[in-house]
Amino acid sequence: MRIPRLPPLLLVLALTISMLVLDRALPLFRVLHPPIAYLGAAPVALGVLIILISAGLFRFRKTTINPFGKPVVMVQDGFYRLSRNPMYLGMLLVLIGIGLWLGNALALLLAPAFVATMTRGYIVREEQVLEERFGDVYRAYRARVRRWI
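Attention now goes to the nonpolar core. Grouped together as the largest cluster of nonpolar side chains are 22 residues, with contacts concentrated most on Met19, Tyr88, Phe114, Met118 and Trp148. Secondary-structure elements contributing two or more residues to this core are helix H1 (8–25), helix H3 (86–102) and helix H5 (110–134). Among the elements that take part in this core, H3 stands out by supplying eight residues, more than any other. For Met118, the residues in contact, after removing those within four places along its chain, are Pro8, Leu11, Tyr88, Ile123 and Trp148.

This part takes up the side chain of Thr16. Note that Thr16 resides in helix H1. Apart from residues lying up to four places away in sequence, Thr16 is in contact with Leu95 and Ile98.

Right, let's talk about the packing of aromatic side chains for a bit. A complete count under the given rule lists five aromatic pairs for this structure. Arranged with centres 4.8 Å apart and planes meeting at 40°, the rings of Tyr38 and Trp101 form a pair that is tilted. Pair noted here: Tyr38 is in the loop between H1 and helix H2 (41–60) and Trp101 is in helix H3, with a separation of 63 residues, a long-range link. A relative accessible area of 42% places Tyr38 in the partly exposed class. You can call Trp101 partly exposed: its relative accessible area is 43%. Ring geometry for Phe68 and Tyr122: centres 5.8 Å apart, planes at 45°, overall tilted. Here Phe68, found in the loop between H2 and H3, pairs with Tyr122, found in helix H5; they are 54 residues apart in sequence, far enough to count as distant. When sorted by exposure, Phe68 lands in the same class as Tyr122, which is buried.

Note that the residue after Pro34, namely Pro35, is joined by a cis bond; omega there is 5°. Along the chain, Pro35 turns up in the loop between H1 and H2.

So, about a nonpolar patch on the surface. Taken together, Leu6, Leu10, Leu13, Ile17 and Val21 make up a surface patch of nonpolar side chains, about 440 Å² in accessible area. Mapped onto the elements of the fold, Val21 is located in helix H1.

Let us now look at the pattern of salt bridges. Inspection of every chain in the model, using the stated rule, returns eight salt bridges. Notably, a salt bridge pairs Arg30 with Asp23, separated by 2.8 Å at the nearest N-O pair. According to the relative accessible area criterion, Arg30 is partly exposed, its value standing at 30%. Salt-bridge contacts for Arg84 lead to Glu127; the nearest nitrogen and oxygen are separated by 2.6 Å. Residue Arg84 is located in the loop between H2 and H3, and its partner Glu127 is located in helix H5; the two are separated by 43 residues in the primary sequence. One exposure class covers both Arg84 and Glu127, and it is buried. Bridged by salt links that share partners, the residues Glu131, Asp136, Arg139 and Arg142 form one connected network.

Definitions and limits used
Residues numbered from 1 in each chain as written. Predicted model: local features only at pLDDT ≥ 70, side-chain atom pairs only at ≥ 80, totals over all residues. Heavy atoms only, no water. Core = buried A, V, L, I, M, F, W, Y, C linked by side-chain atoms within 4.5 Å. Buried < 20%, exposed > 50% of the residue type's maximum accessible area, 1.4 Å probe, protein only. Helix = DSSP H or I, 4+ residues; strand = E, 2+ residues; numbered from the N terminus. Contact = heavy atoms within 4.5 Å. Phe/Tyr/Trp six-rings, centres within 6.5 Å; stacked < 30°, edge-to-face > 60°. Patch = residues over 30% accessible without salt bridge, like charges linked within 9 Å, V, L, I, M, F, W, Y side chains within 5 Å. Areas by Shrake-Rupley, 256 points an atom, 1.4 Å probe, with all protein chains shown as cover. Salt bridge = Lys/Arg side-chain N within 4 Å of Asp/Glu carboxyl O.

Any link to function would need more than the numbers given here.
Shown next as structure tokens:
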């Protein structure tokens, strides 16, 4: 499989735009309405917080945040104790929150598409790089921490 070169945040933006278009084009699939739909703000806020804290930890440890770069340090603390991919998990929460905010069941279906794209197109390659670079340390980390949550 050819590895996509689209930065993950641009993929999230493209999926967000797709959700908005789906919601406008097919309002028949709206299953949640305000004020209940406004609960979607919570996963958006949580997702943004997870992304910012996790990215900040990468910067603090002076390793690359670029999914196509070469890591110099393997980060295992912070949210990385709970998920091997907390930034991607945060992005998923943002998409789920937007889907809930829109209240459109069809738009929410793009969240699993994000998981599949990230897993196949990004995470598998990143895991190979980490295993090559950090060997047994990464294998032990992978054995105790789940990929998503």
